[in-house]
Structure formats: C-alpha cells, structure tokens
Amino acid sequence: MAQEASLSASRVDIVRALREAAITALISFGMFLPLIGFNTVQNIHNELVLETRWPLLAALVGIITVGRFLHALLIAPWLARRAMRPRQQHGASAVWRARLGRWLIPFTLGFAVVYPPLALSVVGVQGAVKWIDNFGVQILIYVMLGWGLNIVVGLAGLLDLGYVAFYAVGAYSYALLAKTFGLSFWLLLPLAGCLAAFWGILLGFPVLRLRGDYLAIVTLAFGEIIRLVLINWVPVTNGYAGISSIPRPTFFGIPFNASDEGFAARLGLEFSPIYRTIFLYYVILALALVTAAITLRLRRLPIGRAWEALREDEIACRSLGINTTNTKLTAFAMGAMFAGFAGSFFAARQGFISPESFTFMESAVIVAIVVLGGMGSLLGVAIAAVIMIGGTEIMRELDFLKLVFGNDFDPTQYRMLLFGFAMVLIMVWKPRGLIATREPSALLSDYPGASTVPLRPRTNLAEPPLVREHHP
Amino acid sequence: MSATTPEAALTAAPPNLAPPPPSPAPILRVEPLSMRFGGLVAINDFSFIAGRGDITALIGPNGAGKTTVFNCITGFYKPSEGRIALQFGDPAVWDELEALTDRGTRSAARGDGMLFLLERMPDYLVTQKARVARTFQNIRLFQGMTVLENLLVAQHNPLMWASGFTALGALGLRSYARAERAAIDKARYWLDKIALTDRADDPAGELPYGGQRRLEIARAMCTDPVLLCLDEPAAGLNPSESAELGRYLHSIRDEHATSILLIEHDMTVVMEISDHVVVLDHGQKIADGTPEEICNDPKVIAAYLGVEEDEVAEGGIETP
C-alpha cells in the first residue's frame, strides 16, 4: 500500500520534472537559436554568409534540458527535504563553525608567515620564485587593496568603482619621485600614501554629495580620467610606453643585486633573485597587516562607528550632529592612502609600470573581492582575494587541460567567465558575501557597571536582517 | 506646568497676522516662517513660540505641513522666509536677537547664554551647536548596529574631541578610554530608563517596534539636547505603550531640563502630556493654546472633521 503510494508519487515527480525540462528546453532553444544556431562568416569573396551550427545548438539545449530534468527530479526535492529536517545538524555545524572561526585567523596568519620557507623547501629555489611572487605577493597586494577598499565600501558604504585611480597615483608617485630624485622606497612609501590620500580628498569633495548609484558612476569616471591623464601626459608619464627601470627597494640600504655590495654578497650567500622576492613578500605582508590593524582599531573609535552609521542611515547621522561630509572624506582618504601604499609597492616590485595596469578591470576585481568576501569583514575579503587572484594564477598552471581541449586552449581566457560564475554562485548561495557576520564595536557586557538589570547573553548576530536598499 | 505665553489673546486674534509677543524666556521662537516648494506653499507665515520646559505639541490634519516645520527647525530644509531663533543659558541673550539678525551671522553669546538662528545653520550644526535633537516619523535607527552602538554614535562629537579627532584615541591614551567609559555609562543610564539594558548587544533592527521608538528617543537624548523634536512618537504604539511614552517624556522634561516639541496624531496622547498645543492646517496656524482651549476651538474641530467654511464663520457646529 505504502509502496504503491510512493510509486505514484515518484511518477508524479517524473511527470513534473519532464514538464519543467520541456519548458526549459523550449526557452533555451529560443534563446540559443539566434545566438548559437546561426553564425555569420565572411567567405572567400568577402561576402557575409549565414552558417548554421545545428549540432552545437542541439548539444547545448540537450545539456540544459537534462540538467534541468535532474535538478527537478533529484536536487530540488533533496533541498526541500533538507530544509524540512530538524535543526539538530545545524547546531552541530554551528559548534564546528565556531571552532573553525577561533582557529582560522591564527592558522592563516601563521601560514602566511611561514609560506616562503615552506615554498622553498617544497619546490626548491627555482620554483619558489614563481610560487612566492605570483601567488604570495600578488595575492597579498589584492588582499591589501581589498582591505583598503573595505573601509570605503564595506564600512562607510560608499560604492567606489574608481579605486584603481589611487593605486595608480601611488605607483606613479613612487616611480617618478624615485627616478627623478633618487629617494628611497621607505621614504616614498608614506609619501605616496599621503599623495593618494590627498587625491582621494580632492576627488572626494565634489562627488560626496552624491549617493549610491550616482556616486558609483562618478567614481568610475574619475578612475578613467586618471588613466587617460597617465596615457596622454606623455612628457611626465611617458604615455602608453610607461616608466621602466624604476629603482627597486633595498634591504635598509643594501641593494639586492649581484655586486659585492649586494645583499647576498654581504651575507656570504650565493646571489639569487629569491632573496628580493622573499623580502618583498614580507614587506607586503607587513603592509597588509598594518592595514588590517588600523582598520580594526578605527572601527572601535568614534570615527569608525560614524562610518558604519553612515552606511546604515546618512540622514540619521546628520540628525545626531555628525558632519557627514568630513566623515565620508576621511573614509575616502583612508581608503585611498592604503591604495597609495599598495601602488608604490607594486611599482617597486615590478620595476615597470604603464597605464595598462590601472584599467577599470582592476577596480572591478577589487570591488568584487570586497563584495564577495562580505562587506566589512576582513577575513572574508582575504578569503575572496585568495580565491579570485589565486584562482586566476592557478589557471596558468593547468597545462594538462591542453591535452583535453587541444593545443589552442588557453585557460586564462576563461578567467572572466569563471569570475562571473563565482559571482552568481555567491549571490545565490550567500547574498551578503562569504562572511556576513558583523562583530559589534563595543559590547555592554564588556563594561561591567552599576546597572541593576542583568545582561542577557547575545543572540544570533550571525544572521542580521537584510540591509535596506539604498536608493537616493 | 502651564504655558508661558499669553495664548488666550493669540487664539482670539485672527491667525497669521502679527508675530506672537515676546514671552519671558521662550526656548524657541519661530517667526513668520514660509516654505515653498516651487509653486507649492507648504507653510505660509507660520509663527509660534515654544516655552522653556514645556511640552509643545504641533498638530494638524495630514499634509498640514507639520513635518516641514520640523525639517526647517532642524536644518534639513532651508526655509524660504522667516526666522527660527533658539536660546539656552542666560535668557538675557534674547536682547541680541535683532542685532544678530542684522549681522547675518549664526549665533550670539552673552554670559553663558547662547542664541542661534537655526535657519542659517546646516543640519548637523543644529544638533552639534544649537543642541536641537530630533526623531523621525519612520524610525531611522542604525539597524545593523547594536542598541549600544546606536547610543554611542549619538555621542560622536564629544567622543571625537576626547579621541583628539582619532589621533589620540588610536594611540590608546587613557584620557580617551575614560571618555569612552563615560559614554558607555551614559548609554547605560538611558538603556535602564527605556528598559532595554538586557538587549544592549542585539542589533537595533531586531527590537520590537515599541522598543525601536523608545531607542530612537534615547539616542536623540544622548546628544544632550535643550530642545527635543519628536515626529509622531506614539505612531504604531498600543494604548499602554502610549501611556508609558507619556511618562517617559515627562521624565525627560523634568529631569533633563529639555523642552519638547512634538508632532502627534493621537489626540489622547497630545491632550494628556502637552502643556501647549499649536494647530496647523494647510500650512497656516489656525489655533494656539492650552489643550483645553484647543479641544473646544471650532476652527480646530472644523479642520479635523472637514466642514464648510461658512459653517465655521456662523459658528454652526456644536462643540462636543
């Protein structure tokens, strides 16, 4: 009896899945017919002719239809069942998550510190340069940029799509000042940060009256303006050709070169580029950690609270006597300053910069890192940077895919596709970013006082209500 | 506490004619205030006085311009015409009013008395310098931040001073730690007062509606105002919560030397707690007086119940 019931139920399920699959097939056929089904090519007489690609079209529609059928038949009921199940498992996963949360940060920090020796011992000197430079330094630059932008976007809630402009200001400040005046990296690092902050304030002044989408559009335009100035102001920036042979950073005055005065010779070691790479790795690690430390400190000060309040409700801020213009400008300047630090480090590391490195794409990647990581969460931003930058670097290593797809296949070409895919997945799975918890900047329970009412333990901060839409 | 102005004379006179005569020491004087949005006249020659230590209610039908008056007082709108003067400290400074108006500056001081022309100040300075705090019709809390953080953000300006505009605080100086401690104690005082101490570390958005209303008032009080402007504080509250609100407002007035100006639709609340009522309709003042006088004013009844103009003129409606 029961078997019969379940049988008829499964038959209903199959019929429903078939119907959904059929509808999906129809829609995908309609969409792909003009996109995939027809292809215009130029023939030998220079004429445009229409070609059809029925097999490809059939294959795509087939894949989508089968996928939808399986989803409707298996995955959707499974998800529904999981939602129905009692919360027991969630409790266990919460304990597990808390344990992970406690150990993740010390572990990550420790790993970041021992990463260069680890890479050296695993892949040897030759391989380690690539692993430390392409993965370690590259990822840490984006971690730092992400943390810097996190102040502007994550804390103050100002969507800045032109962040790369300040990165460019820092890089060109270092390159030009170091080449022209021969100043050292350590002197120019704070100077580049200050210059970037200055430009942040200068650009910020006229645009900070705008909010939301309007601010995003204007900052995007500023990013482009800076890039166009770099391209067209040839006497100073050398235009598209960029600036080359930028002085490299020294180990507190000792250069990393093959000369007798070089780092290796002084320590009695054999010359190798690995020393500079390791040094640069620790420099950017220190810079990134300084960014994190300052952000954490500022969050607990009135200015940090005012930034977050600004993100929540600007009008309420003004009604409490907060000068919102100044508050926004400090956030803008602070974010720009960290971009300036990162920029001057970037110029020193590369030894060559050109406007090519400061396109809108870079801004978009940094914003994506902040949004995917979870606005305001330092750990989330770091994880997102590792995934997105490390992921694209990993793709260079996937040579075996050429065996599958043929020699013309270049995995890095699919970077943007995977970027978009990751974005869609995160937005479906975790719309508020990888880590959406917000740690309060002050807890009353930390300040035992004369209150007569006993404090209730903190309830679920893990799932705060969705942020209201910010529409001007 | 009775109203400090001779309202009886005012209500008898036709509205919108002369500015009210200066009272002994009002806290706020609004003199022919007009606000036009393009061709729309939202407020027309509106004058009133809020007495020191009074709870002044601003009432009127929907769309009468009450919130516009609030926005003008708190600096969110710049009025088309008019003068909004606020004073605290030594009342002798009121004598400076005309000189200040002619001088074109924002404020005047005499002894410990301060006089401000609010229409000349940007919104955040109205709170920071002139010590006017406000709440909003649709509650505007920082929903994702905790209840305690909401009260700390309200103490932004003193804390910024104490932290040496972030520089000293970032270094972890003890003077800042003391100031933060004091800010938290103040927040705790208000939390105890609004019975939300046990929820201090929860996000403000998770509080029940009544709690959010109380928190918004407490947050405004954390800015140390001399005048508290409340935009429909009883909206959405049940009768017992409204009664509690009345006690809460009385204690604010009596214990914190704060005068209150409020917009309210709930007439029971208005009649119970206010010392002085001003009625606004179509941007014009139609009545001004004690709650009893307002209750019996035929113009007010007409405005609320909507009768024909001539009926009012003939006194054709009966007072209930």
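Everything quoted here is computed from the prediction, not taken from an experiment. Here the residue numbers are simple positions, counted from 1 along each chain's written sequence. Think of it this way: whatever chain is written first is A, whatever ligand is written first is 1, and the rest follow in order. Reporting in this predicted model follows two pLDDT cut-offs: at least 70 for local features of residues, and 80 or more for side-chain atom pairs to be given and counted; totals over whole chains, interfaces and linings ignore these cut-offs and use all residues.

Draft legend 1. Molecular detail of the overall build of chain B. The helix count covers DSSP runs of H or I at least four residues long, the strand count covers runs of E at least two residues long, and both are numbered beginning at the N terminus. Assigned secondary structure in chain B consists of 14 helices and 11 strands. Any residue surrounded by 20 or more other C-beta atoms within 10 Å of its C-beta is treated as buried, while 12 or fewer makes it exposed and the intermediate range makes it partly exposed; C-beta atoms here are placed from the backbone. Across the 320 residues of chain B, 50% fall into the buried class. When contacts within chain B are restricted to residue pairs at least 6 apart in sequence, those whose partners lie at least 24 apart make up 65%. Here, residue contact means that the backbone-derived C-beta atoms of the two residues sit within 7 Å.

Draft legend 2. Structural detail: the packing of helix 9 (residues 274-299) of chain A against helix 12 (residues 324-350) of chain A. Residue and element names in this part refer to chain A. Orientation is described by axes fitted as lines to C-alpha atoms, over the contacting stretch for helices, and by angles from 0 to 180 degrees between their N-to-C directions. Where helix 9 contacts helix 12, the two axes come as close as 11 Å, and the packing angle between them is 175°. As far as their axial angle goes, helix 12 and helix 9 are roughly antiparallel. Residues Leu-280, Val-283, Ile-284, Leu-287 and Thr-291 of helix 9 lie in contact with helix 12, whose contacting residues are Phe-338, Phe-341, Phe-345 and Arg-349. Polar here means any residue outside two lists: the nonpolar Ala, Val, Leu, Ile, Met, Phe, Trp, Tyr, Cys and Pro, and the charged Asp, Glu, Lys and Arg; Gly therefore counts as polar. Tallied by class, the residues present in the contact of helix 9 with helix 12 amount to 7 nonpolar, 1 polar and 1 charged. Oblique is the label for any angle not covered by the other classes, which are roughly parallel (under 35 degrees), roughly antiparallel (over 145) and roughly perpendicular (65 to 115).

Draft legend 3. Molecular detail of the confidence of the model for chain B. Residues and elements named next belong to chain B. The predicted model of chain B has a mean per-residue pLDDT of 82, with 85% of residues at 70 or higher. Confidence drops under pLDDT 50 across residues 1-23; counting only partners more than four residues distant or on other chains, this segment forms 45 contacts. A low-confidence stretch, residues 315-320 stays under pLDDT 50, and its non-local contacts, those more than four residues away or across chains, total 10 contacts. As scored by the predictor, the complex reaches a pTM of 0.81 and an ipTM of 0.83. Confidence of the predictor at the level of single residues is captured by pLDDT, which takes values from 0 to 100.

Draft legend 4. Highlighting the sheet that holds strand 4 (residues 81-88) of chain B. All names here are of chain B. With antiparallel pairing, the 5 strands of this open sheet are ordered in space as 2-1-4-6-5. At either margin of the open sheet sits one strand with a lone partner, and together these are strand 2 (40-51) and strand 5 (107-110). In this sheet, adjacent strand axes meet at a mean angle of 15° when their direction is disregarded. The rule for pairing is simple: two strands pair if DSSP sees at least two bridges between them. In this sheet, strand 2 lies alongside strand 1 (residues 26-37) in antiparallel orientation, the contact comprising 8 bridges. Following the sheet pairing, Arg-36 is matched in strand 2 by Val-41. Here helix 2 (residues 66-73) sits on the sheet and contacts strand 1, strand 2 and strand 4; the angle it forms with strand 2, its principal contact strand, is near 65°.

Draft legend 5. Seen up close, the domain arrangement of chain B. All names here are of chain B. Annotation comment: domain bounds sourced from an automatic or database domain assignment. Each assigned domain of chain B is listed here: domain 1 (1-131 + 226-320) and domain 2 (139-223). Counting from both sides, the interface comprises 11 residues of domain 1 and, opposite them, 9 residues of domain 2. Among the elements of the structure, helix 4 (123-128), strand 8 (227-231) and helix 10 (239-256) are those that each provide at least two residues to the side of domain 1 that touches domain 2. Residues belonging to the side of domain 1 that touches domain 2 are distributed by class as follows: 6 nonpolar, 4 polar and 1 charged.

Draft legend 6. Here's a closer look at unusual backbone geometry. Its identity as a non-glycine residue notwithstanding, A:Asn46 has a phi of 65°, on the positive side. With respect to the secondary-structure elements, A:Asn46 resides in the loop between strand 1 (38-42) and strand 2 (48-52). A residue is classified by how many C-beta atoms lie within 10 Å of it, and A:Asn46, with 6 of them, is exposed. A positive phi is found at B:Arg131, a non-glycine position, where the angle reads about 60°. Within the element layout of this structure, B:Arg131 appears in the loop between helix 4 and strand 7 (132-134).

Draft legend 7. Spotlight on the nonpolar core. All names here are of chain A. Think of a nonpolar core as buried Ala, Val, Leu, Ile, Met, Phe, Trp, Tyr and Cys residues, each tied to the set through C-beta atoms within 7 Å. Among the nonpolar cores identified, the biggest contains 197 residues, and Met-144 and Ile-284 are the most heavily contacted of them. Per-element accounting of this core gives the leading share, 17 residues, to helix 3 (residues 88-155). With sequence-adjacent residues up to four places away left out, Ile-284 is seen in contact with Val-137, Leu-140, Ile-141, Met-144 and Phe-345.

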